[in-house]
Each structure stands twice: as C-alpha cells, then as structure tokens.
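Okay, here's what each chain looks like letter by letter:
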Amino acid sequence: MYNGVFRKYYPDYLIKLDNGKILVLETKGQDSPIVRGKRKALNEWIEAVNSIQDYGVWCSDISFNIADVDGIIEKHLK
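Residues numbered from 1 in each chain as written. Predicted model: local features only at pLDDT ≥ 70, side-chain atom pairs only at ≥ 80, totals over all residues. Heavy atoms only, no water.

A.B. asks: Which residues make up the sheet that holds strand β3 (residues 58-63), and what values go with them?
C.D. replies: Strand order in the open sheet formed by three strands is β1-β2-β3, and the pairing between neighbours is mixed. Across the chains shown, the open sheet's two edge strands, defined by having one partner strand only, are β1 (13-16) and β3. Across this sheet, the average inter-strand angle for adjacent strands is 25°, counted without regard to direction. Across six bridges, the pairing between strand β2 (residues 22-27) and β3 is parallel. Residue pairing across strands places L25 opposite D61, the latter belonging to β3. Against the sheet, helix α1 (residues 33-52) makes contact with β2 and β3, and its axis sits at roughly 165° relative to β3, the strand it touches most. Packing against the sheet, helix α2 (residues 69-77) makes contact with β2 and β3, and its axis sits at approximately 160° to β3. (Pairing = 2+ DSSP bridges. Helix = DSSP H or I, 4+ residues; strand = E, 2+ residues; numbered from the N terminus. Axes fitted to C-alpha atoms, helices over the stretch in contact; angles between N-to-C directions. Contact = heavy atoms within 4.5 Å.)

Next up, the structure:
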C-alpha cells in the first residue's frame, strides 16, 4: 500500500545465486518516497518468506548505479 492505495509490485530482477540464495534486485535511478515504500514492502515480504523456510533463503538489495551490481551480488554470495 502506498499513500492509501493498494499497488501491485513486481521486482526488476530475481537472481538465483551460486550459494542457493535468491536475490531480489531493484534498479532505480534515484531514491524517492515510492522507492522507499517498495523497499519497505519487499523487506517485509523477505522476512515473511524466510520465516516459512520452505522456499530457500531470499535476500534483497537495490542498485542506484549499474556499476554497483557486481558488488551487490558479491555481498550476497557470502
């Protein structure tokens, strides 16, 4: 929900990492209130799906610059 309106949310990328984790990667040009709302909803979803423990380990991150993507992936491989 954002500003009192239910919204659909589709992440930019789902990446299955070599360590078995599934990374939900968002790519954005800049931060904004709607981007922060999406991140909040995604963090709640990640926490919920990981607590079930039936769907593997999920993590999420956001890139504001394409040059960050390799570092983000490396961070979640650890």
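A.B. asks: Can you tell me about the pattern of salt bridges, naming the residues and giving the values?
C.D. replies: The final tally for this structure, using the stated rule, is six salt bridges. The salt bridge partner of R39 is D31, with a shortest N-O separation of 3.3 Å. Judged by relative accessible area, R39 falls into the partly exposed class, the value being 30%. Looking at D31, the relative accessible area reads 35%, which means it is partly exposed. (Salt bridge = Lys/Arg side-chain N within 4 Å of Asp/Glu carboxyl O. Buried < 20%, exposed > 50% of the residue type's maximum accessible area, 1.4 Å probe, protein only.)

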